[in-house]
Amino acid sequence: MTGSTASFPKARRLRFGLLLGSCHFSSGTEQFTKNFLLLTMTGKTIFKKIIDREIPANIFYEDELCLAFHDIMPQAPVHFLVIPKKEIASTNDIADEDAALIGHLFCVIRKLAADQGVAESGYRVVANCGPDACQSVPHLHYHVIGGRAMTWPPG
Ligand code: 5GP
């Protein structure tokens, strides 16, 4: 059994899909369906496939611990994702031993936000966790969104 399949046993994959079925996606339903089918059939999330270079992505930063790439459905002029190479399904699955890794991800976010020109204007860092938050890919990821004024609270 591969590491990714071990992380997402079949029962958990199905439960994840069923819970997400109640989530309203204003866009990207097709993308979500594709991602869900991929996970159900292969046990690998779309992000694990990007890490393994099995599918293409616009990766613009990589180090030994993480990757950053542009979101396929950007919600703002700047919208990229920072993901750990370690398979962690969501914020709920972060272990105490991951503290340094999570700190590293935020240091990378700080550097990349500056590189992308939004450090001064501002940006939002979002980690959707679970069905109420409409998390669609069960691999921990931080959205970094900027380049336009945003509203609060989020929908
Ligand atoms: P979530 O809804 O889980 O918080 O965010 C998942 C994000 O991943 C979404 O913004 C979605 O557009 C993005 N995404 C899903 N599949 C792909 C893909 O294959 N490539 C890239 N670059 N982004 C993806």
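Residues numbered from 1 in each chain as written. Predicted model: local features only at pLDDT ≥ 70, side-chain atom pairs only at ≥ 80, totals over all residues. Heavy atoms only, no water.

Engineer: Just to check I follow, could you spell out the site of the ligand for this structure?
Structural biologist: Around the ligand sit 18 residues, and of these Asp71, Asn128, Ser136, His141 and His143 come closest. The contact in question runs from an oxygen atom of the ligand to an N or O atom on the side chain of histidine 141, over 2.9 Å. Here the ligand loses 91% of its free accessible area of 520 Å² to cover by the protein chains. Among the secondary structure elements, those contributing two or more residues to the shell around the ligand are α3 (29–42), α4 (46–51) and β2 (66–70). Counting residues per element, the shell around the ligand draws most heavily on α4, at three residues. Of the residues that constitute the shell around the ligand, the class distribution is nine nonpolar, eight polar and one charged. (Near = heavy atom within 4 Å. Polar contact = N/O pair within 3.5 Å; in protein donor to acceptor, adjacent residues only side chain to side chain. Areas by Shrake-Rupley, 256 points an atom, 1.4 Å probe, with all protein chains shown as cover. Helix = DSSP H or I, 4+ residues; strand = E, 2+ residues; numbered from the N terminus. Nonpolar A, V, L, I, M, F, W, Y, C, P; charged D, E, K, R; others polar.)

Engineer: Teacher, can you tell me more about the environment of alanine 113 here?
Structural biologist: If you trace the backbone, alanine 113 turns up in helix α5 (residues 99–115). Sequence separation of alanine 113 and valine 125 is twelve residues, and the distance between their C-alpha atoms is 10.0 Å. Sequence-distant contacts of alanine 113, defined by excluding residues within four places in its chain, comprise Phe80, Val118, Ala119 and Tyr123. (Contact = heavy atoms within 4.5 Å.)

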